[in-house]
Amino acid sequence: MPVLVSVAVPVPFLDSLTYRVPPHVEVPVVGARVRVPLGSRVVTGCVIDSMTEDEASPGEWKEIIEVVDRESFLPPTVVELCRWVADYYLAGVGDAIAVAMPPGARDTRPRIKTRRVAAITAHGLSAETTLTPKQRAALEMLAGAPAGLPTSELRDRGITADMLSRLAARGFVSLREDADERDPFERGAMPASAPDTTRQLTAEQAAAFDRLAALTDSGAFNVSLLHGVTGSGKTELYLRLADRVCRAGRQVLVMVPEIALTPALAGLFRGAFGSRVAIQHSALSDGERHDQWQRIRRGEIDVVIGTRSAVFAPLPRPGLIVVDEEHDTSYKQEEAPRYNGRDVAIVRASREKATVILGSATPSMESFQNAMTCKYARIALERRVLDRPMATVTIVNMRDEYAAEGPDVVISRTLAAAVEDRLARREQVLVLLNRRGYSTAVFCRQCGDTFECPNCSISLTVHKGGGGKDRARCHYCNYSIAVPKQCRKCAAPYLEQTGFGTEKVEQHLRDLFPDARIGRIDRDSVRRKGALTSLLSRFADGELDVLVGTQMIAKGHDFPRVTLVGVISADVGLGIADFRAAERTFQLLTQVAGRAGRGERLGEAIVQTLYPEHYSIRLACRQDYGAFFERELVYRRAMRYPPTVAMINAIVRGPTFADAMQTASEIVRRLEPTTAAAHMSVLGPAPAPLPRLRGEHRVQFFLKGARRAEMRNAIRTVLAEMPEIRKRVTVDVDPLTVL
Ligand code: ADP
Ligand code: ZN
């Protein structure tokens, strides 16, 4: 009986394609890569299913050309997970498979990189003959590393290839080529920190550990929300539970929202688990990622640390998945497939009978709601370890500050005095402003012309280039122009810059404190590979006094010498037309305040805002999550927003507004007959909050209701009827932002 296979091919939005396996070819297993014809091309796809010809509906099938892998390349469990992702998030199955594949997997002839290694020989160990002091030093160094050292490393220590070949010629040293498993820890992790084995868990930690250990031991699927205030020692629990799960022969996946959080965590885990720890995230080079992926696949790894796509890591038998900072929006991929790594983690765990721990000091509304309704176990850590008090929070009303000091104030007097005090005491300071750049708008005082992006409905942000080479740049499409001296419209020399971002904060701090060592972390400052790790470790090592940054500095980091956190414009996020604006603001402020006072000394946070009475700011300053949740839920319920309903957001793009509107209206019209059956309401179409982006006009509509599956089916059916517009519609199931 001829066999057919379903193959996921790398084409956006496409469902799997069916091919026939020719009689002389061995039937490929699920997860194997195959070469198949597609139009006039030959592509590498992944087998996701197989069936005999009489099980399939009749049809004409092309034949596969070549089977690349005799065994599955992607584990079948991961293939199944990708199929779930494609279905749930209305993406093409090839899009989902692509996320799970290591880089270069489509190039089916991976090259093995080698490196030259020098090792000392027995003869070299007993060498008594005439040696130069340098040669003697080289042999001593090699004697300390019997397995040998890479020549690249030796060169860094002053031992040249020449010297090595002379030593090799005398039989003191052997030289060989080794497969180079590129180790991202060389720059992806802080130095492995030895675990403190004498450390006692606090009573709260111990109680949490006992409950979680019982859950991991159960061998059944379960989810816990570990709701622990910042500094309550959640990481310590992850380490101990990971150890327990590994001893039981299963593996552990630890997910963090941002690449910035991997170095410190990887250092901790490496301290405890040695080389059986792998990192998976997009800032590794393709080679590094590929090597690590292969080690995970071969079962050589106990713990994987990574960002959202690590949820697809090819671990053979994961027993524990930790999603740290589970509320973080970075878990959501904002391109197809628009999956949420946290939610996929839960689905994966349910299939692999694993435990999920969602850790956060500020759980998402969704997860807290699930804990309240007992879908998840709720495990609370309400105190910081060693009874360190939470930071005290002072709010500075910037309206008063402007009245007293004029409109150009960036750093309030209160904050400046506190920074000065910390510098004098040689303590460290974090300063948060969640907006990058120097100034956020430019306008002409004579004619009122503004610098808008020609492609997007957004104003350009000025970035300082040094030497008067300022550029105004669009943060969405990267369009940029040099900032001219005169207005482009009326030629008046009165260009004014308003609004400010991290670059200006950095400059004001430098002006105020010329002797302080100040660093900045935002998307602009960490563009260069390794820049982020280097800034973070310099700060951790006390080589910097003040770190200014966007939300990248707010999360997760544990810097014991930070005793002051300043928040500039705490309300930046509240101006955004998004139903999660208050939740985001609350989370960001609570997180950043939690960075202060994690060591022996008391922490303080100073929050500058124009809206001190807004509940998200007020309650974040009190660190009162419970009150915030209650207050926010009232709003979500009244406005019918998640978590009280399920929501799907669709954005239709078009060359003109009228075109986008017409297409959106047509989709909405076709959805109408199904709304009653799918128990949903359709809102819109209406212009999106960002009506123009990258030269396209954007119109939006929402589906809201209680039954997500039926809502998804309704929109899937309508889009299938209109294949010609599919590429212009972005469907976002469980959206985190609706801009
Ligand atoms: P969280 O992740 O909850 O914000 P961490 O796990 O980073 O908190 O812990 C905060 C600090 O307390 C870290 O420096 C950690 O090493 C330390 N710590 C955690 N548990 C203990 C303990 N039982 N005894 C002493 N120090 C601890
Ligand atoms: Zn733009």
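As shown above, the structure is provided for reference.
Residues numbered from 1 in each chain as written. Chains lettered and ligands numbered in written order. Predicted model: local features only at pLDDT ≥ 70, side-chain atom pairs only at ≥ 80, totals over all residues. Heavy atoms only, no water.

**Examining the overall build of the chain**
- A count of helical and extended segments in the chain gives 22 helices and 31 strands.
- Computed over the C-alpha atoms, the radius of gyration of the chain is 28 Å, within 12% of the 27 Å expected from 2.2 N^0.38 for a compact globule of 739 residues.
- Overall, the chain is about 80 × 80 × 60 Å in size when its C-alpha atoms are taken along their principal axes.
- Looking at the chain as a whole, 54% of its 739 residues are labelled buried.
- Summed over all atoms, the accessible surface of the chain reaches about 32000 Å², with 51% contributed by carbon and sulfur. (Helix = DSSP H or I, 4+ residues; strand = E, 2+ residues; numbered from the N terminus. Rg over C-alpha atoms; globule rule 2.2 N^0.38 Å. Buried < 20%, exposed > 50% of the residue type's maximum accessible area, 1.4 Å probe, protein only. Areas by Shrake-Rupley, 256 points an atom, 1.4 Å probe, with all protein chains shown as cover.)

**Comments concerning unusual backbone geometry**
- Of the consecutive residues alanine 336 and proline 337, the connecting peptide bond is found in the cis state with omega at -5 degrees.
- By the element assignment, proline 337 lies in the loop between strand 14 (318–324) and helix 12 (341–352).
- Cis geometry is adopted by the peptide bond preceding proline 643, which originates at proline 642 and carries an omega value of 5 degrees.
- With respect to the helices and strands, the residue proline 643 is situated in the loop between helix 20 (625–639) and strand 28 (646–654).
- Positive phi, close to 65 degrees, is recorded for alanine 491, a residue that is not glycine.
- Along the chain, the position of alanine 491 falls in the loop between strand 22 (480–482) and strand 23 (495–498).

**Some points on the coordination of the zinc ion (ligand 2)**
- The coordination sphere of the zinc ion (ligand 2) contains the protein donors Cys453 (SG), Cys456 (SG), Cys474 (SG) and Cys477 (SG), at a distance range of 2.3 to 2.4 Å.
- Among the residues examined, cysteine 453 registers a relative accessible area of 4% and is labelled buried.
- Note on cysteine 477: relative accessible area 22%, which makes it partly exposed. (Donors = N, O, S within 2.8 Å, 3.2 Å for Na, K, Ca; no water.)

**Here we look at the pattern of salt bridges**
- Tallying each qualifying case throughout the model produces 53 salt bridges.
- Measuring nitrogen to oxygen at the nearest pair gives 2.8 Å for the salt bridge that ties arginine 517 to aspartate 545. With arginine 517 in the loop between helix 16 (502–512) and strand 24 (518–521) and aspartate 545 in the loop between helix 17 (531–540) and strand 25 (546–549), the pair connects residues that are 28 residues apart, well separated along the chain.
- Glutamate 632 is the salt-bridge partner of arginine 636, the closest N and O atoms lying 2.9 Å from each other. Of the two residues, arginine 636 and glutamate 632 both sit in helix 20, four residues apart, roughly one turn of that helix.
- Of the residues examined, arginine 636 reaches a relative accessible area of 0% and is grouped as buried.
- If you follow the salt bridges from partner to partner, you end up with Asp421, Arg422, Arg425, Glu427, Arg601 and Glu604 in one network. (Salt bridge = Lys/Arg side-chain N within 4 Å of Asp/Glu carboxyl O.)

**Observations regarding the sheet that holds strand 3 (residues 33–38)**
- An order of 5-2-1-4-3-6 is seen for the six strands of this open sheet, with the pairing classed as mixed. Looking at the sheet topology across the chains shown, the edges are occupied by strand 5 (62–63) and strand 6 (66–67).
- Relative to strand 4 (residues 41–52), strand 1 (residues 3–8) runs antiparallel, the two being bridged by six bridges. If you follow alanine 8 over to strand 4, its bridge partner there is cysteine 46. (Pairing = 2+ DSSP bridges.)

**Quick look at the environment of proline 612**
- Positionally, proline 612 belongs in the loop between strand 27 (604–609) and helix 19 (615–621).
- Leave out the neighbours within four places in its chain, and proline 612 touches Ile395, Asn397, Arg399, Ile617 and Arg618. (Contact = heavy atoms within 4.5 Å.)

**Topic: the pairing of strand 30 (residues 696–705)**
- In terms of burial, strand 30 is a largely internal element, nine of the ten residues being buried.
- In terms of strand pairing, strand 28 meets strand 30 through nine bridges, oriented antiparallel. Pairing of isoleucine 648 across the sheet is with leucine 703, part of strand 30.
- Relative to strand 30, strand 29 (residues 680–693) runs antiparallel, the two being bridged by eight bridges. Note that in strand 30 the partner of alanine 686 across the bridge is glutamine 700.
- Between strand 29 and strand 30, which pair antiparallel one after the other, the connecting turn spans two residues, and arginine 694 there sits at a positive phi close to 50 degrees.

**Here's the deal with the packing of helix 21 (residues 657–675) against helix 22 (residues 708–721)**
- For the pair helix 21 and helix 22, interaxial distance at closest approach is 10 Å and the crossing angle is 135 degrees. On the basis of the axis angle, helix 21 is oblique to helix 22. The element helix 21 and its partner helix 22 pack so that their crossing is right-handed. Between helix 21, through Ile667, Arg670, Leu671 and Thr674, and helix 22, the contact on the second element is made entirely by Ala714, Ile715, Val718, Leu719 and Glu721.
- Split by residue class, the contact of helix 21 with helix 22 holds six nonpolar, one polar and two charged. (Axes fitted to C-alpha atoms, helices over the stretch in contact; angles between N-to-C directions. Parallel < 35°, antiparallel > 145°, perpendicular 65-115°, else oblique. Left-handed = near helix turned anticlockwise from the far one by under 90°. Nonpolar A, V, L, I, M, F, W, Y, C, P; charged D, E, K, R; others polar.)

**Digging into the packing of aromatic side chains**
- If you walk through the whole model with that rule in mind, you get 15 aromatic pairs.
- Ring geometry for tryptophan 84 versus tyrosine 88: centroids 4.7 Å apart, planes at 15 degrees, classification stacked. A residue pair is termed a helical-turn pair when its members lie 3 or 4 positions apart in one helix, as tryptophan 84 and tyrosine 88 do in helix 1 (residues 76–88) at four residues.
- Positioned over the ring face of tyrosine 615 is arginine 631, at 3.9 Å from the centre of the ring.
- Between lysine 704 and the ring centre of tyrosine 641, over which it is positioned, the NZ or CZ distance is 4.0 Å. (Phe/Tyr/Trp six-rings, centres within 6.5 Å; stacked < 30°, edge-to-face > 60°. Lys NZ or Arg CZ within 6 Å of the ring centre and 35° of its normal.)

**Observations concerning the environment of alanine 678**
- Relative to the helices and strands, alanine 678 is located in the loop between helix 21 and strand 29.
- Considered as a pair, alanine 678 and asparagine 713 are 35 residues apart in the sequence and their alpha carbons are 8.5 Å apart.
- Every residue in contact with alanine 678, bar those within four places of it in the chain, is listed here: Arg707, Glu710 and Met711.

**Some words on the pairing of strand 13 (residues 303–306)**
- Neither face of strand 13 is left uncovered, since the one carrying Val303 and Ile305 and the one carrying Val304 and Gly306 both have all their residues buried.
- Where strand 11 (residues 251–255) and strand 13 come together, four bridges link them in parallel fashion. In the sheet register, methionine 255 faces strand 13, and the bridge partner there is glycine 306.
- In terms of strand pairing, strand 12 (residues 277–280) meets strand 13 through four bridges, oriented parallel. Paired with glutamine 280 across the two strands is glycine 306, which belongs to strand 13.
- Between the parallel pair strand 12 and strand 13, the chain is carried across by helix 11 (residues 286–297), and the sense of this crossover is right-handed. (Right-handed = clockwise from strand over helix to strand, strands pointing away.)

**Quick word on the side chain of glutamine 369**
- Within the element layout of this structure, glutamine 369 appears in helix 13 (residues 365–372).
- Not counting the four nearest positions on each side in its chain, glutamine 369 is found in contact with Phe629, Leu633 and Pro643.

**With respect to the site of ligand 1**
- Residues in close proximity to ligand 1 total 18 residues, the closest being Gln200, Gln205, Gly231, Lys234 and Asp558.
- Measuring from an oxygen atom of ligand 1, one finds a side-chain N or O atom of arginine 199 at 3.0 Å.
- Interatomic distance of 3.1 Å between a backbone N/O atom of glycine 233 and an oxygen atom of ligand 1.
- Computed on the free molecule, ligand 1 has an accessible area of 560 Å², of which 84% lies beneath the protein chains in the complex.
- No other element matches the three residues that helix 9 (residues 234–247) contributes to the shell around ligand 1.
- Among the residues making up the shell around ligand 1, the classes are represented as four nonpolar, eight polar and six charged. (Near = heavy atom within 4 Å. Polar contact = N/O pair within 3.5 Å; in protein donor to acceptor, adjacent residues only side chain to side chain.)

**Things to note about the sheet that holds strand 28**
- Read across the open sheet, the four strands follow the order 29-30-28-31; overall the sheet is antiparallel. With one partner strand each, in any of the chains shown, strand 29 and strand 31 (729–733) form the two edges of the open sheet. Between one strand axis and the next, the sheet turns by 20 degrees as a mean value, whatever way the strands run.
- Against the sheet, helix 22 engages strand 28, strand 29, strand 30 and strand 31, with an angle of about 20 degrees to strand 28.

**Regarding the packing of helix 1 against helix 12**
- Closest axis-to-axis distance for the helix 1/helix 12 pair is 11 Å, and the angle between their directions is 135 degrees. Judged by the angle between their axes, helix 1 and helix 12 are oblique. Here helix 1 and helix 12 pass one another in a crossing that is right-handed. The segment helix 1 lies against helix 12, with Thr77, Val78, Glu80, Leu81, Trp84 and Val85 engaging Val344, Val347, Arg348, Arg351 and Glu352.
- Of the residues that constitute the contact of helix 1 with helix 12, the class distribution is six nonpolar, one polar and four charged.

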